[in-house]
Every structure is written in structure tokens, then in C-alpha cells.
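Reading the structure
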Amino acid sequence: MMDRESRAKQFAPFEALGGLREALRQVELELERIEKKEVSEDRAERISKTLNKIEKGKMVRVTYYDSGYYVDVEGVVTSIDRTFKFIVIGEGKIFFDDLYEIKII
């Protein structure tokens, strides 16, 4: 006679094709990728004006383009480099050219 735990293992889910779920997720991610939107002159001007007001320690909300996806981030500015044109929010470096929207909150 089989104990209860051994019997239960017979009915545990089984993935016949190991890694199939991960492969499908990768395909799904590739299909979700989008092209970078062109930033209008008005939007570029608003971004530029906001960047001029930002200092280290300010709380901001940013939408930026990263490798085929638009990402929303909210956090404290830990660094801003106007020479090399990037802003650091927490641990993430975002180049000015990738910004789509930025707001001081």
C-alpha cells in the first residue's frame, strides 16, 4: 500500500516540454516591443524646461524608452549630468534622448 504523500506525487502537474513556458514568454515579449515614438518640439521643450529645474534629491516621475518598451519610473534623483545628458533615479541611468515625459512631484 502506498502512503498518502507518494500517492499525491502521481497527480502533480507535469511539464512535458521543459522550458516551453519560458520560450513562449520570450516570444510574447518580442511581439510586445514597439518602436520609439518621435518627440514633438513642444514635448521636447517641456522636457528641457523640466530638466533645467531638476536638482539632486528631487522626486520625479519619468516615462522613457528602453530597448523596445516604454517604462514608467518614480523616484528620487540621485544624480543629473548635463554634460553627458543623463539622469540617475535610484540606481537607473536614463539618457535625455530616451525621455518621453518627466514631471517633478
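1. Examining the overall build of the chain
Secondary structure assignment for the chain yields three helices and five strands. Reading the chain from its N end, one meets helices and strands in the order α-α-α-β-β-β-β-β. Looking at the chain as a whole, 22% of its 105 residues qualify as buried. Excluding contacts between residues fewer than 6 apart, the proportion of contacts in the chain whose partners are at least 24 apart in sequence is 53%. About 8500 Å² of surface is accessible on the chain, with carbon and sulfur atoms providing 51% of the total.

2. Side note on the confidence of the model for the chain
Taken as a whole, the chain shows an average pLDDT of 89; of its residues, 88% reach a score of 70 or greater. Mean pLDDT across the secondary structure elements of the chain bottoms out at helix α1 (residues 4-9), with 70, and peaks at strand β3 (residues 86-89), with 98.

3. Some words on the environment of K53
On the secondary structure map, K53 appears in helix α3 (residues 41-53). You can call K53 exposed: its relative accessible area is 57%. Sequence-wise, K53 and I104 are 51 residues apart; in three dimensions their C-alpha atoms are separated by 8.6 Å. Apart from the residues lying within four places of it in its own chain, the contact partners of K53 are K58 and I104.

4. Focus: the packing of aromatic side chains
Scanning all chains against the criterion turns up three aromatic pairs. Ring geometry for Y70 versus Y100: centroids 5.5 Å apart, planes at 65°, classification edge-to-face. One end of the pair, Y70, is in strand β2 (residues 69-81); the other, Y100, is in strand β5 (residues 99-104), and 30 residues separate them in sequence. With relative accessibility at 18%, the residue Y100 sits in the buried group. Every member of this aromatic cluster is reached through a ring pair, and the members are Y65, Y70 and Y100. It is K37 that lies over the ring of Y100; its NZ or CZ is 5.0 Å from the centre.

5. Points about the nonpolar core
L51, I54, V62, I87 and L99 are the most contacted members of the largest nonpolar core, which has 14 residues in total. Of all the elements in the fold, those that place two or more residues in this core are α3, β1 (59-66), β2, β3 and β5. Broken down by element, the residue count for this core peaks at three residues, all from β1. Residues in contact with L51, not counting those within four places in the same chain, are I80, R82, F96, L99 and I102.

6. Points about the side chain of R43
Tracing the backbone shows R43 in helix α3. We classify R43 as buried; its relative accessible area is 18%. Reaching out from R43, the side chain makes a polar contact with the side chain of E101 at a distance of 3.3 Å.

Procedures and definitions
Residues numbered from 1 in each chain as written. Predicted model: local features only at pLDDT ≥ 70, side-chain atom pairs only at ≥ 80, totals over all residues. Heavy atoms only, no water. Helix = DSSP H or I, 4+ residues; strand = E, 2+ residues; numbered from the N terminus. Buried < 20%, exposed > 50% of the residue type's maximum accessible area, 1.4 Å probe, protein only. Contact = heavy atoms within 4.5 Å. Areas by Shrake-Rupley, 256 points an atom, 1.4 Å probe, with all protein chains shown as cover. pLDDT = per-residue confidence, 0-100. Phe/Tyr/Trp six-rings, centres within 6.5 Å; stacked < 30°, edge-to-face > 60°. Lys NZ or Arg CZ within 6 Å of the ring centre and 35° of its normal. Core = buried A, V, L, I, M, F, W, Y, C linked by side-chain atoms within 4.5 Å. Polar contact = N/O pair within 3.5 Å; in protein donor to acceptor, adjacent residues only side chain to side chain.

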